[in-house]
Amino acid sequence: MSTLRVGLRCDAGPKRGVGHLVRCLALAEEFLARGAHVAVFGTVERLPWATAELAKRGIPLHPGPDTPAELVEAAHRHELDVVVLDSYELDPAGAGALRAAGVFTLAVIDGDSRGQVADLYLDQNFGAELPGLPGRLLAGSGYALLRDSVITARPPVPPPAATVSRPRVLAFFGGTDAVGAAPVLTRVLVATGHPMDLTVIVGRPEIEAEVEDVAPGRGQIIRPVPPTSSLPTLITEADLVVSAAGTSTWELCCLGAPAALVCVVDNQRESYARVVRHGLAAGLGELPELTAAGIAGRAARATAARTLHGLLSSPQRRATLAAQAWSTVDGQGRARVVDAVLDAVRAAAVTD
């Protein structure tokens, strides 16, 4: 077979977040390692670190395409054998149009196929199942898409319980913190009253300003830092990580991080509930509850602060979460996905 040509269609930006791009980047790294030619198609707005990550790997970034016809035209122009679609916004008819044009199509989904008709579907969320799809479904965290930087940082064993008087806490909420969770959770962490050395990843200047307005309590240090490519190192150095229940959940699991998660958007709710129920992370509730006014908001914030205090003061509780998370995501998910794509493409070539 000649060199496989793969296109990944996703978008990223301050309001969209970067989850789609990050998992496409993980797939791109695996395809590149197998000798494929890879290109990304879409919009990457105001994220210099993300465009730098693509450039560093020699992955070209092409604009669009948006409509089914444009997708097909781009696939033909770039002679693509495989197109990966990872978007909640694209016309769902795009997958079927690509298939009809003879292009193998993988749709990355999160609990909802949106009516796409693809050759292969991937839902990397823990416990995912979506029967009745027209193509084959790769489901569950065994298929979690993780970048090289995460896989190489994975510890050989989950971190043991360690007693520290001032735990190192890392808080981050996606590459851009599109929903403004960082200031809210910084205040909740401060409200625990527990000593901590808190590093907060601030995706935008306005988020940084809000975090800097939070006054730390006794024995507490708050350090806002911009998005960084060394995030996996920060995660492995932390005694506790507070994050959104999005795609970064699987990075935290792979790295064996003791984590407390917040559900920040509706489409995270199901996965968040499963992850918390199975003890892969502690649950802090939903962001709208934590930001609510009046008695309800105060009660939600107090409950989250109690949960965090319990984690900060119990090395054993943190170690239990870390071990459960580490054993659930082994870092080999993207290899399994690319194996499935290559097997299907080869099988199709034989039948042709």
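Everything below is about the structure printed above this text.
Just so you know, these numbers come straight off a predicted model, no measurement behind them. (Residues numbered from 1 in each chain as written. Predicted model: local features only at pLDDT ≥ 70, side-chain atom pairs only at ≥ 80, totals over all residues. Heavy atoms only, no water.)

Enquirer: I'm lost on the side chain of Asp123 in this one. Help?
Expert: Checked against the element boundaries, Asp123 lands in strand β6 (residues 120-123). Notably, Asp123 is buried but unbridged: the nearest opposite-charge side chain belongs to Arg274, and the N-O separation is 5.9 Å. Looking at Asp123, its side chain comes within polar contact range of the side chain of Asn125, at 2.8 Å. Contacts of Asp123, omitting those with residues within four sequence positions, involve Ile109, Asp110, Gly111, Ala128, Leu137, Leu138, Ala139 and Gly140. (Helix = DSSP H or I, 4+ residues; strand = E, 2+ residues; numbered from the N terminus. Buried < 20%, exposed > 50% of the residue type's maximum accessible area, 1.4 Å probe, protein only. Lys, Arg positive; Asp, Glu negative; His and termini not counted. Salt bridge = Lys/Arg side-chain N within 4 Å of Asp/Glu carboxyl O. Polar contact = N/O pair within 3.5 Å; in protein donor to acceptor, adjacent residues only side chain to side chain. Contact = heavy atoms within 4.5 Å.)

Enquirer: When you look at the nonpolar core in this model, what are you seeing that I'm missing?
Expert: Buried together is how nonpolar side chains tend to be arranged in soluble globular proteins. Membership of the largest hydrophobic core comes to 38 residues, with the highest contact counts inside it found for Val6, Leu8, Leu27 and Phe31. Elements supplying a minimum of two residues to this core: β1 (5-9), α1 (19-33), β2 (37-41), α2 (48-56), β4 (82-85), β5 (104-108), β6 and α14 (333-351). Beyond its immediate stretch of four places on either side in the chain, Leu27 contacts Leu8, Val84, Leu106, Leu145, Arg334, Val337 and Val338. By size, the runner-up hydrophobic cluster in this structure holds 35 residues, among which are Leu198, Val200, Ala304 and Leu308. (Core = buried A, V, L, I, M, F, W, Y, C linked by side-chain atoms within 4.5 Å.)

Enquirer: Looking at this structure, how should I read the environment of Met196?
Expert: Checked against the element boundaries, Met196 lands in strand β9 (residues 196-201). Residue class for Met196 comes out buried when judged on its relative accessible area of 1%. Spatially, the C-alpha atom of Met196 lies 9.6 Å from that of Val164, the residues being 32 residues apart in sequence. Residues contacting Met196, with those up to four places away along its chain left out, are Arg166, Pro167, Val169, Leu189, Gly219, Gln220, Ile221 and Leu312.

Enquirer: Before we go on, may I ask you to explain the packing of helix α3 (residues 68-77) against helix α4 (residues 93-100) in this structure?
Expert: Any two packed helices are characterised by the angle at which their axes cross and by the distance between the axes. The interhelical angle for the contact between α3 and α4, taken along N-to-C directions, is 40 degrees, at an axis separation of 8 Å. When the axes of α3 and α4 are compared, the pair comes out oblique. Regarding α3 and α4, the two cross each other, and that crossing is right-handed. The residues of α4 that touch α3, namely those facing Pro68, Leu71, Val72 and Ala75, are Ala93, Gly94, Ala97 and Leu98. Each residue belonging to the contact of α3 with α4 can be placed in one class, and the counts come to seven nonpolar, one polar and no charged. (Axes fitted to C-alpha atoms, helices over the stretch in contact; angles between N-to-C directions. Parallel < 35°, antiparallel > 145°, perpendicular 65-115°, else oblique. Left-handed = near helix turned anticlockwise from the far one by under 90°. Nonpolar A, V, L, I, M, F, W, Y, C, P; charged D, E, K, R; others polar.)

Enquirer: Looking at this structure, I do not really get α3. What am I missing?
Expert: Residues spaced three or four apart along an α-helix point in a common direction, a consequence of the helix completing one turn every 3.6 residues. Listing the buried residues of α3 in full gives Pro68, Leu71, Val72, Ala74 and Ala75. The buried residues of α3 occupy an angular sector of 165 degrees when projected down its axis, which confines them to one face. Opposite the packed face of α3, turned more than 90 degrees from it, sit the exposed residues Ala69 and Arg77. Buried residues along α3 sit against β1, β2, β4 and α4. (Arc of directions from axis to C-beta.)

Enquirer: Would you explain the packing of helix α6 (residues 181-191) against helix α7 (residues 205-212) in this entry?
Expert: Look at α6 against α7: their axes get within 8 Å of each other, and the N-to-C directions meet at 15 degrees. Between α6 and α7, the crossing angle belongs to the class labelled roughly parallel. Considering the relative orientation of α6 and α7, their crossing is right-handed. On the side of α6, the interface is formed by Ala182, Pro183, Thr186 and Arg187, while α7 contributes Ile207, Glu210 and Val211. In the contact of α6 with α7, the residues fall into four nonpolar, one polar and two charged.

Enquirer: Whenever I open this one, the environment of Val40 confuses me. Can you help?
Expert: Along the chain, Val40 falls in strand β2. On the accessibility criterion, Val40 (2% relative accessible area) is buried. Measuring from C-alpha to C-alpha, the distance between Val40 and Ile59 comes to 6.9 Å, with 19 residues separating the pair along the chain. In this view, Val40 contacts Leu8, Cys10, Leu21, Leu54, Ile59, Pro60, Leu61 and His62; residues no more than four positions away in its chain are not counted.

Enquirer: In this structure, what is going on with the pattern of salt bridges? I would like to understand it.
Expert: Pairing between side chains becomes possible if they bear opposite charge and their charged atoms approach one another. According to the stated counting rule, one finds 23 salt bridges in the structure shown. The network of salt bridges with shared partners includes Glu29, Glu30, Arg34, Glu53, Lys56, Arg57, Asp148, Arg334 and Asp339.

Enquirer: Whenever I open this one, the pairing of strand β11 (residues 240-244) confuses me. Can you help?
Expert: Within a regular strand, the side chains alternate between the two sheet faces. For β11, the tally of buried residues reaches five of five residues, placing the bulk of the element in the interior. With four bridges joining them, strand β8 (residues 168-172) and β11 adopt parallel strand pairing. Its bridge partner being in β11, Phe172 is matched across the sheet by Ser243. In this structure, β11 lies alongside strand β12 (residues 259-263), joined through four bridges in parallel fashion. Looking at the pairing, Val241 lines up with Ala259 of β12. (Pairing = 2+ DSSP bridges.)

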